[in-house]
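So the chains spell out like this:
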Amino acid sequence: MIRFTIVTITYNAERVLQRTLDSVLAQTYEGVEHLIVDGASKDGTLQLAEQYKAKSDASDSGHKVIILSEPDHGIYDAMNKGLTQASGDYIVYMNAGDFFPHEDTLEKIVQHCQLSELPTDELPGVLYGNTDIVDDEGHFLHPRKHQPPQQLSWRSFRQGMLVCHQAFYARTDIAKNQQYDTRYRFSADVDWCIRVMKETERMGLRLCNTNMVIANYTEEGATTKNHHASLWERFRVMAHHYGWVQTVVLHCWFVVRAVISRISFH
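Below: a short report on this structure. Remember, it's a predicted structure, so these values are computed and weren't measured experimentally.

1. A look at the packing of aromatic side chains
Right, on to step 1. The full count for this structure, using the stated rule, is ten aromatic pairs.
Right, on to step 2. Relative to Y29, the ring of F4 lies with its centre 5.6 Å away and its plane at 70°, an arrangement referred to as edge-to-face. Separated by 25 residues along the polypeptide, F4 in strand 1 (residues 4-10) and Y29 in the loop between helix 1 (14-25) and strand 2 (32-38) bring together distant segments of the chain. The residues F4 and Y29 share a single accessibility class, namely buried.

Given below as structure tokens:
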């Protein structure tokens, strides 16, 4: 059976964590390892996590829940801790407040990408899909602005992060060799996804588009709160992978496109 490692990063996330935990517990697919990596929360986050673990352990879900709580050096340091401990075939980050859209989301991913029919060394390097944006209460707002292309490659991210981090499943053996670069404060996830896709191409593996919404993302967090710093850092990531000239030209086009869009709207 193909196994998924779901990593949930938390810090004082008591208010939004429960819907994430509930959505993982509700997954009908049995091959789930859930790593909760907490940054030594001071609220009720750990209590919720422990209650969830007890409930999961007592159920017949077949899920394995592991909780790690200790101080870290930021979210990407915490993500690296989860990556180091992951033992599933695929790893995905479903952070506090984010959740699966349906109880059979993982089952449908396995079926659509025909994962059960493939030998381990032929499994796709990346599984990906669409994302819906929800508000701080978990209510649907709109589909994510960026939509994944039918055929994704590492070059696709020249147009921006077309696949949300929560809808990007990396093959764990590839991902473990591509640790998050903690020198980035806001955009290490963009850099990580690009490097995972580059390695996938180098290995001659495919990327499987699930062609469905596989994550609900709460549009809140460090990147949203530090928008300008995040944009500059993302520019640096893109310049590193695609070259400065191409990145500058593309960003000029982004500005023109935004102006045209506003004129058309009015």
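2. Structural notes on the nonpolar core
Right, on to step 1. By size, the foremost hydrophobic cluster in this structure holds 73 residues, and its most contacted members are F4, F157, Y169 and W192.
Right, on to step 2. Ranked by residue count, the leading element in this core is helix 6 (residues 188-202), at seven residues.
Right, on to step 3. In this view, F4 contacts Y29, G31, V32, E33, Y90, L106, I109, V110, L115, L127 and Y169; residues no more than four positions away in its chain are not counted.

3. Things to note about the state of the cysteines
Right, on to step 1. Across all of its chains, the model carries one disulfide by this definition.
Right, on to step 2. In this model, C113 is linked to C208 through a disulfide, with the two sulfur atoms separated by 2.1 Å. Across the S-S bond of C113 and C208 the torsion is about -95°, and the bridge reads as left-handed. In this pair, C113 is assigned in the loop between helix 4 (105-112) and strand 5 (126-134) and C208 in strand 8 (residues 207-218), connecting sequence segments 95 residues apart. Side by side, C113 and C208 carry an identical accessibility label, which is buried.
Right, on to step 3. We note that C164 lacks a disulfide partner, and the nearest cysteine sulfur, in C193, lies 9.0 Å from it.
Right, on to step 4. Exposure remark for C193: the relative accessible area of 0% places this residue in the buried category.

4. Thoughts on empty space enclosed by the protein
Right, on to step 1. One pass over the structure, following the stated rule, counts one cavity of 30 Å³ or more.
Right, on to step 2. One number sums up the size of the largest cavity: a volume of about 30 Å³.
Right, on to step 3. Going through the elements one at a time, strand 2, strand 3 (64-69) and helix 3 (75-85) are the ones with two or more residues in the lining of the largest cavity.
Right, on to step 4. Looking at side-chain class alone, the lining of the largest cavity contains six nonpolar, two polar and no charged residues.

Cut-off values and rules
- Residues numbered from 1 in each chain as written.
- Predicted model: local features only at pLDDT ≥ 70, side-chain atom pairs only at ≥ 80, totals over all residues.
- Heavy atoms only, no water.
- Phe/Tyr/Trp six-rings, centres within 6.5 Å; stacked < 30°, edge-to-face > 60°.
- Helix = DSSP H or I, 4+ residues; strand = E, 2+ residues; numbered from the N terminus.
- Buried < 20%, exposed > 50% of the residue type's maximum accessible area, 1.4 Å probe, protein only.
- Core = buried A, V, L, I, M, F, W, Y, C linked by side-chain atoms within 4.5 Å.
- Contact = heavy atoms within 4.5 Å.
- Disulfide = S-S within 2.5 Å.
- 1 Å grid on protein atoms, 1.4 Å probe; cavity = no way out; pocket = protein on both sides within 12 Å on 5 of 7 lines; lining within 4 Å.
- Points joined across faces, edges and corners; volume = space filled by probe spheres on them.
- Nonpolar A, V, L, I, M, F, W, Y, C, P; charged D, E, K, R; others polar.

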